Amino acid sequence: MVEVRGVHKRFGSHEVLRGIDLDVYPGEVTVVLGPSGSGKSTLLRTLNHLEKVDRGQISVDGGLIGYRRVGDRLYELREREILRQRTRIGFVFQNFHLFPHLTVLDNLTEAPVSALGLSRAEAVARADRLLERVGLADKRRAYPRQLSGGQQQRVAIARALALEPRLLLFDEPTSALDPELVGEVLDVIRDLAEQGTTMIVVTHEIGFAREVADTVVFMDEGRIVERGTPAEVLDRPRHERTRAFLSKVL
Ligand code: ADP
Ligand code: MG
């Protein structure tokens, strides 16, 4: 589902991604761990061309991200084509990023109507199904500010699902939540995993990684240092840097 090959990215003189290769298979959950500043968010953002890579290539679901290949040359896609690619890749942020002036229902129907061309009635039916699924059917008329952080994040997940993406990306989805609200969000993500949704989840929730991940990736200083099953990476890390990181978060 995801093929990252030789990706480099720098901001000024700081090389933030230093040759990333990553494969994610359909239906798999990949958890990305790593210290702050190691490039995790930047990597996620390159996957839907929110950041342009300096070198390397990324394919999602067979399509090259951000570029079209003509012969042996690459041409950057137009904004409209990039936006269309992004509709296939859901992104859930640490701080929810809901539209504050729209109700929960309108947060979920906006993109399916404007980007996918669904009728209002189809979009509402889809939104209601998804709100049911994340346990928030009774909040459809509420505004984001009237919800707890955990509820807002569940709305954000439902909103991402409303475009029926092929791939879901989560960037520290529980880091902004009070501890007692973390579980309800992880439960929704776990439920999606059980239903075979392909996901990449950046998180420091090691228990979640152990339970839900098919693959755990440890990043440090712009590189993937270690990759394997949860048991391999979390219980028998081969690299000192992985061990040092785990000893701090466990
Ligand atoms: P992580 O998510 O692992 O904490 P990030 O990908 O957010 O790491 O950041 C990696 C490094 O890149 C950090 O040093 C950060 O300050 C830097 N960085 C990220 N985005 C930008 C940007 N738009 N401009 C300049 N530096 C950036
Ligand atoms: Mg980050």
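Definitions and limits used
- Residues numbered from 1 in each chain as written.
- Chains lettered and ligands numbered in written order.
- Predicted model: local features only at pLDDT ≥ 70, side-chain atom pairs only at ≥ 80, totals over all residues.
- Heavy atoms only, no water.
- Phe/Tyr/Trp six-rings, centres within 6.5 Å; stacked < 30°, edge-to-face > 60°.
- Helix = DSSP H or I, 4+ residues; strand = E, 2+ residues; numbered from the N terminus.
- Buried < 20%, exposed > 50% of the residue type's maximum accessible area, 1.4 Å probe, protein only.
- UniProt positions renumbered as here; feature names shortened; annotations may be inferred.
- Core = buried A, V, L, I, M, F, W, Y, C linked by side-chain atoms within 4.5 Å.
- Contact = heavy atoms within 4.5 Å.
- Near = heavy atom within 4 Å.
- Polar contact = N/O pair within 3.5 Å; in protein donor to acceptor, adjacent residues only side chain to side chain.
- Nonpolar A, V, L, I, M, F, W, Y, C, P; charged D, E, K, R; others polar.
- Pairing = 2+ DSSP bridges.
- Axes fitted to C-alpha atoms, helices over the stretch in contact; angles between N-to-C directions.

**Student:** Summarise the packing of aromatic side chains; cite the residues concerned and give the values.
**Tutor:** Per the counting criterion, the structure on display carries two aromatic pairs. With a centroid separation of 4.5 Å and an interplanar angle of 15°, the aromatic rings of Phe91 and Phe93 are classed as stacked. Judged by centre distance (5.3 Å) and plane angle (45°), the rings of Phe218 and Phe245 are tilted. Of this pair, Phe218 sits in strand β11 (residues 215–220) while Phe245 sits in helix α9 (residues 240–249); the two residues are 27 residues apart in sequence, bridging distant segments of the chain. The same class applies to Phe218 and to Phe245, which are both buried.

**Student:** Account for the UniProt feature "domain: ABC transporter" (unreviewed entry) in the chain, with residues named and values stated.
**Tutor:** As annotated by UniProt and renumbered to match this structure, "domain: ABC transporter" (unreviewed entry) occupies residues 2–246. Strand forms 27% of residues 2–246 and helix 37%; the C-alpha atoms that close the span are 26 Å apart.

**Student:** Quick rundown of the nonpolar core? Include the residues and the values.
**Tutor:** One broad rule of soluble globular proteins: the nonpolar side chains tend to lie buried together. Counting residues in hydrophobic clusters, the biggest one holds 49 residues, and the most contacted among them are Val31, Leu33, Ile157, Phe170, Ile189 and Met199. Residue contributions to this core peak at eight residues, all from helix α6 (residues 179–194). Beyond its immediate sequence surroundings of up to four residues, Met199 is in contact with Glu28, Val29, Thr30, Leu167, Leu168, Phe170, Ile189, Leu192 and Ala193.

**Student:** Can you lay out the site of ligand 1 for me, pointing to particular residues and giving the numbers?
**Tutor:** Surrounding ligand 1, one finds Phe11, His14, Val16, Pro35, Ser36, Gly37, Ser38, Gly39, Lys40, Ser41 and Thr42. With respect to ligand 1, the backbone of Ser38 contributes an N or O atom lying 3.2 Å from an oxygen atom. Note that an oxygen atom of ligand 1 is positioned 2.8 Å from one of the side-chain N or O atoms of Lys40. Contributing elements (two or more residues each) for the shell around ligand 1: β2 (14–24) and α1 (40–47). Counting residues per element, the shell around ligand 1 draws most heavily on α1, at three residues. By residue class, the composition of the shell around ligand 1 is three nonpolar, seven polar and one charged.

**Student:** Residues and numbers for the sheet that holds strand β1 (residues 2–11), please.
**Tutor:** Ordered in space as β2-β1-β4-β5, the four strands form an open sheet in which the pairing is antiparallel. A single partner strand is all that each edge strand has here, and the edge strands are β2 and β5 (63–64). Note: β1 against strand β4 (residues 55–60), five bridges, orientation antiparallel. Bridged to Arg5 within β4 is Gln57. α1 rests against β1, β2 and β4 of the sheet, and its axis sits at about 60° to β2.

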